[in-house]
Amino acid sequence: MSLLHYIIRRLLLMIVVLFGVTLLVFSIMMIIPPGQRVGIYVQHEKITPSQMEALIIKYGLRDPAPIQYLRWMANVLRGDFGHSVTASAPVSEGFKMYFPVTLELVLLATPLIIIVGIKLGMLGAIHKDRSIDHATRVFAIVGYSLPTFWLGLLLLMIFYGYFGIFPPGTISPDSKDVVFSAEFINFTGLLTLDAILNWRWDIFWDALYHLILPTINLILLNSALLMRLMRSSMLEALGQDFILTALAKGASKRIVYYKHARRNALIPAVTVAGVLFALLMGGMVITETIFARQGIGLWMARAALMLDVPAIMFNVLFLGTVFVTVNLIVDIIYAYIDPRIRLG
Amino acid sequence: MEKLIETEDLYTNFFTFEGVVRALNGVSVVVNQGETYGLVGESGCGKSVTVRSMMRIVQEPGKIVGGKILLFLSSEDRQKGIDIIKRSEAFMESIRGDDISMIFQEASTSLNPVLSIRDQVGESFLLHRRGELLEETLKQLADELKSNGFPLAMAWKGFQRWLFRRELESLRRYEKHVKEIDRELYELEEKTDPRSTRRKSSLNARRDRLSEHDFLVSAVKKSPFLERYYKKIHKIVENKIIELLKSLGVPNPANVLKSYPHELSGGMQQRIVIAIALACNPTLLIADEPTSNLDVTIQAQIIELIKMLKENIITSVLFITHDLGLVAEVCERVTVMYAGDTCETTSVKELFKNPLHPYTKGLLSSVPRIEQVEKLHTIPGTVPNLINPPAGCRFHPRCPSAMKICAERKPPMVEYKEGHTVSCHLYPGEEV
């Protein structure tokens, strides 16, 4: 019961936070002169100055800011975020188009990043200052220091360039025809999931095949931080007195590592894993560019370059929601792992 | 009196970046069956390292580098004892918590903060009493199967019984193997020819590798979704814990069971630590300064508790403390340690009446007394750095009666009179 209360309270708080985010986003938008903000509502390339003036008055772009804010909020609440130039569609349509591509990769990569990071971090701590530890350290340094674009291109060059496997893109041209045909029903927009739901395993494997290289790229780049954190917190846990108690009880090394130490060491790692997930949701610009995946990151980057204000505003709001939600989930997991943390 | 555990010339070093810390410099202590034995000394004199070496839980970068630790547990190995330094890790795991267990200085940090009391106390039972637990569960299941019930529930119970039986069988098989290996190792104990040595190391390695689990049982054990399958065992364990906590004077044990260490008071935490140690009725309880972080009233309670346990449950207690008052209160025989050396070993009465070693004398005169008016006596100087310990007797730089030979040669342990041994050049004699 207290957990439910806590979640409800946090969700109410989330609304407050998101309200703050909308205020911030809106004030950023208000910096742009009214003439440019017309673009949010109208998509004509060429407009005469008199038409422009008419439009500005029509949409009330010179009204006091609070009134404009309320008007904008009313639209947002109705699900109308304006028109995105870069997606050449309404923002919500663009989101439906780009988001599943990102989500698919994030959902596949994040668990793997977490597993690899935690596993290698624990191995490093258990075999401290031995060869396994040094190997994981090298892995971490490589992951830390290699720029995304370089590693991504290198992977693409090696696998696609030399061996001809793991092509970029989300799906092969043949499968694309199937996906866009009438009998393939788009349930979720996630290609792999849709393929299963349509019982088209060939398409599922094809989509998964295209996901492998970007996933490897993300694992190499992102598990390093988690790994190092896990290693140090594991070492700290292993130095605690309760490890001696467990040993004196007759527990084997395995039980000591995986039951007594790991749970204590996981607490800081959970935070980082949560932040990592949230960051990946919006921040895979380079990975998506290199592997030609039309995702949120790519859209955001293009929107920023072309001053596609509605798209940017929407994505800021979206990422705000993601971060707040992930934080809530992290807090709940915290309380589950560590009984000293009380929710509510 | 019969010996229970004995260390012979134990050397334990810590290999740190600054250098090798020689924490134990040939420590020899004997704990007899049925006695309360005290280990006294300043902080950092190697008391804790001695007992941790005895259990072989010295943590990195520490290592036992020399000496013997002889354990005389069952009647069959009373004659020569088992040298546990040479035994496998798996053997030690079966000894720790079952025959020898330990309670620690700071109860608040020696309990795992993220595991419930039930998990932590129950672990001892689950590690060492699994066979008995399985048998009890099987008995329960057999009773339940006799009565009528839903066919599906009955089928589930039948399946459980089948799997528990399978687990029990594999456990018994494992125990039989282990017993065979241990017997052979015991017979080879004192042989040093190359063939026996090889055989010993291969047996030790085999004991480490040996595993009780058959494939199906370990699959069930490791799968987190099948936790419910073990509910019956956990229920039995719970009852055992409640009984144990009750006997230790924990009020409302059923609630304490579900709580976490941070929710308990210091005295209660120490009781839980004691409960963990006592779960399997150990022969030897090692108490590593169990009261030094408690306030005085709780201290008295815990001491009373340990005394009560000594009378009723445990055979021997090895009590570590720096408090001479406690020694007088609790112990029968005492060893005084200084900087990794054993200074003198004697009965408590003798120690206070007739201290021999200059360090013991210094310690005793440093105890504040109520009738004392002049300044409190102190031993000049400080505890030496054990990376470069003084040569010869480690106490000689601070010793009021130091002689030339003290800096040159480590004094042998001599028997001054029966039951009173001392290691000091002031008392020449035959080494024992």
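Predicted, not measured: the structure shown is a model, and the values here were computed from it.

### Side note on the overall build of chain B
A tally of regular secondary structure across chain B gives 15 helices and 13 strands. Since a compact globule built from 432 residues should have a radius of gyration of about 22 Å, the 25 Å found for chain B is in line with a globular shape. Across the 432 residues in chain B, those meeting the buried criterion constitute 52%. Total accessible area computed for chain B in this model is approximately 20900 Å², and 53% of it derives from carbon and sulfur atoms. Looking at charge distribution, chain B has the averaged site of its 58 positive side-chain charges lying 5 Å from that of its 58 negative ones.

### Here's the deal with the pattern of salt bridges
Residues and elements named next belong to chain B. Evaluated as defined, the whole model comprises 34 salt bridges over all chains. Close ionic contact of Arg-199 with Glu-184 constitutes a salt bridge, the shortest N to O distance being 2.7 Å. Of this pair, Arg-199 sits in helix 7 (residues 194-209) while Glu-184 sits in helix 6 (residues 151-188), and the two are 15 residues apart along the sequence. Judged by its relative accessible area of 33%, Arg-199 falls in the partly exposed class.

### Here we look at the confidence of the model for chain B
Residues with a pLDDT of 70 or more make up 99% of chain B, whose mean pLDDT is 87. Per the prediction output, this complex has pTM 0.84; the corresponding ipTM is 0.89.

### Details of the side chain of Glu-350 of chain B
All names here are of chain B. Mapped onto the secondary structure, Glu-350 falls in helix 14 (residues 348-353). Polar contacts involving the side chain of Glu-350 include one to the side chain of Lys-417, which spans 2.9 Å. Those residues within four positions of Glu-350 in sequence are excluded, and the remaining contacts are Pro-355, Lys-417 and His-420.

### Focus on the domain arrangement of chain B
Residue and element names in this part refer to chain B. Taken domain by domain, chain B consists of domain 1 (3-114 + 266-336) and domain 2 (131-235). One C-alpha centre belongs to domain 1, the other to domain 2, and the line joining them spans 29 Å. Between domain 1 and domain 2, roughly 1000 Å² of surface is buried when both sides are summed, and carbon and sulfur atoms account for 43% of that area. On the domain 1 side of the interface with domain 2, the three residues burying the most area are Lys-80, Arg-87 and Ser-88, jointly 50% of the side's total. Joining domain 1 to domain 2, the criterion identifies one salt bridge. When the shortest N-O distance is used, the salt bridge between Asp-182 and Arg-87 registers 3.8 Å. At the junction of domain 1 and domain 2, the tally comes to five residue pairs in polar contact (both at pLDDT 80 or more). The set of elements that each furnish at least two residues to the side of domain 1 that touches domain 2 consists of strand 6 (82-83) and helix 2 (89-95). Here the side of domain 1 that touches domain 2 takes four residues from helix 2, the largest share from any one element. Among the residues forming the side of domain 1 that touches domain 2, the class breakdown is three nonpolar, four polar and eight charged.

### Looking at the domain arrangement of chain A
How big an interface is tends to be expressed through the accessible area that disappears when the partners come together. All names here are of chain A. When cut into domains, chain A gives domain 1 (3-84) and domain 2 (89-342). Each side of the interface is counted separately: domain 1 has 22 residues, and domain 2 has 22 residues. Together, the buried faces of domain 1 and domain 2 total about 1900 Å²; carbon and sulfur atoms form 78% of this surface. Of all residues in domain 1, the largest losses of buried area upon contact with domain 2 belong to Arg-10, Phe-81 and Ser-84, amounting jointly to 31% of the total for that side. Linking domain 1 with domain 2 are one salt bridge, by the criterion used here. For the pair domain 1 and domain 2, the interface holds four residue pairs in polar contact (both at pLDDT 80 or more). Looking at the side of domain 1 that touches domain 2, the elements with two or more residues in it are helix 1 (2-31), helix 4 (65-77) and strand 1 (83-84). The greatest single-element share of the side of domain 1 that touches domain 2, amounting to 12 residues, is contributed by helix 1. In the side of domain 1 that touches domain 2, the residues fall into 15 nonpolar, six polar and one charged.

### A look at the interface of chain A and chain B
Contacts between the two partners involve 24 residues from chain A and, on the opposite side, 28 residues from chain B. Carbon and sulfur atoms make up 59% of the area that chain A and chain B hide from each other, which totals about 2300 Å². Across the contact surface, chain A and chain B share two salt bridges. Taking the shortest distance from any N to any O, the salt bridge between Glu-123 of chain B and Lys-249 of chain A comes out at 2.8 Å. Our enumeration of links across chain A and chain B arrives at 11 residue pairs in polar contact (both at pLDDT 80 or more). Of all the secondary-structure elements, those providing two or more residues to the side of chain A that touches chain B are helix 11 (241-249) and helix 12 (253-283) of chain A. Ranked by residue count, the leading element in the side of chain A that touches chain B is helix 11 of chain A, at eight residues. Here the side of chain A that touches chain B is built from residues that sort into 11 nonpolar, five polar and eight charged.

### A short note on the pairing of strand 2 (residues 20-27) of chain B
Residue and element names in this part refer to chain B. With six bridges connecting them, strand 1 (residues 3-15) and strand 2 associate as antiparallel partners. Each bridged residue has a counterpart across the sheet, and for Leu-10 the counterpart in strand 2 is Val-27. Hairpin geometry of strand 1 and strand 2 is characterised by an intervening segment of four residues between the two adjacent antiparallel strands and by a positive phi of about 150° at Gly-19.

### Here's the deal with the packing of aromatic side chains
Note on aromatic pairs: each is described by the distance of the centres and the angle between the planes. Under the criterion given, the structure shown has 26 aromatic pairs over all chains. Arranged with centres 4.8 Å apart and planes meeting at 75°, the rings of Tyr-229 of chain B and Tyr-230 of chain B form a pair that is edge-to-face. With relative accessibility at 2%, the residue Tyr-229 of chain B sits in the buried group. With a centroid separation of 4.9 Å and an interplanar angle of 75°, the aromatic rings of Tyr-338 of chain B and Phe-395 of chain B are classed as edge-to-face. Placement of Tyr-338 of chain B in strand 10 (residues 333-338) and of Phe-395 of chain B in the loop between helix 15 (358-365) and strand 12 (414-417) is noted, with a sequence separation of 57 residues between them. Taken individually, Tyr-338 of chain B and Phe-395 of chain B each receive the classification buried, so the pair is uniform in this respect. An aromatic cluster is present here, built from Trp-156, Phe-159, Trp-162, Phe-164, Tyr-229 and Tyr-230 of chain B joined pairwise through their rings. Taking the ring centre of Tyr-258 of chain A as reference, the NZ or CZ of Arg-254 of chain A above it sits at 4.9 Å. The residue whose ring lies beneath Arg-87 of chain B is Phe-91 of chain B, and the NZ or CZ to ring-centre distance is 4.9 Å.

Parameters and conventions
Residues numbered from 1 in each chain as written. Chains lettered and ligands numbered in written order. Predicted model: local features only at pLDDT ≥ 70, side-chain atom pairs only at ≥ 80, totals over all residues. Heavy atoms only, no water. Helix = DSSP H or I, 4+ residues; strand = E, 2+ residues; numbered from the N terminus. Rg over C-alpha atoms; globule rule 2.2 N^0.38 Å. Buried < 20%, exposed > 50% of the residue type's maximum accessible area, 1.4 Å probe, protein only. Areas by Shrake-Rupley, 256 points an atom, 1.4 Å probe, with all protein chains shown as cover. Lys, Arg positive; Asp, Glu negative; His and termini not counted. Charge placed at Lys NZ, Arg CZ, Asp CG, Glu CD. Salt bridge = Lys/Arg side-chain N within 4 Å of Asp/Glu carboxyl O. pLDDT = per-residue confidence, 0-100. Polar contact = N/O pair within 3.5 Å; in protein donor to acceptor, adjacent residues only side chain to side chain. Contact = heavy atoms within 4.5 Å. Domains from an automatic or database assignment. Buried area = accessible area lost by both parts, 1.4 Å probe. Nonpolar A, V, L, I, M, F, W, Y, C, P; charged D, E, K, R; others polar. Pairing = 2+ DSSP bridges. Phe/Tyr/Trp six-rings, centres within 6.5 Å; stacked < 30°, edge-to-face > 60°. Lys NZ or Arg CZ within 6 Å of the ring centre and 35° of its normal.

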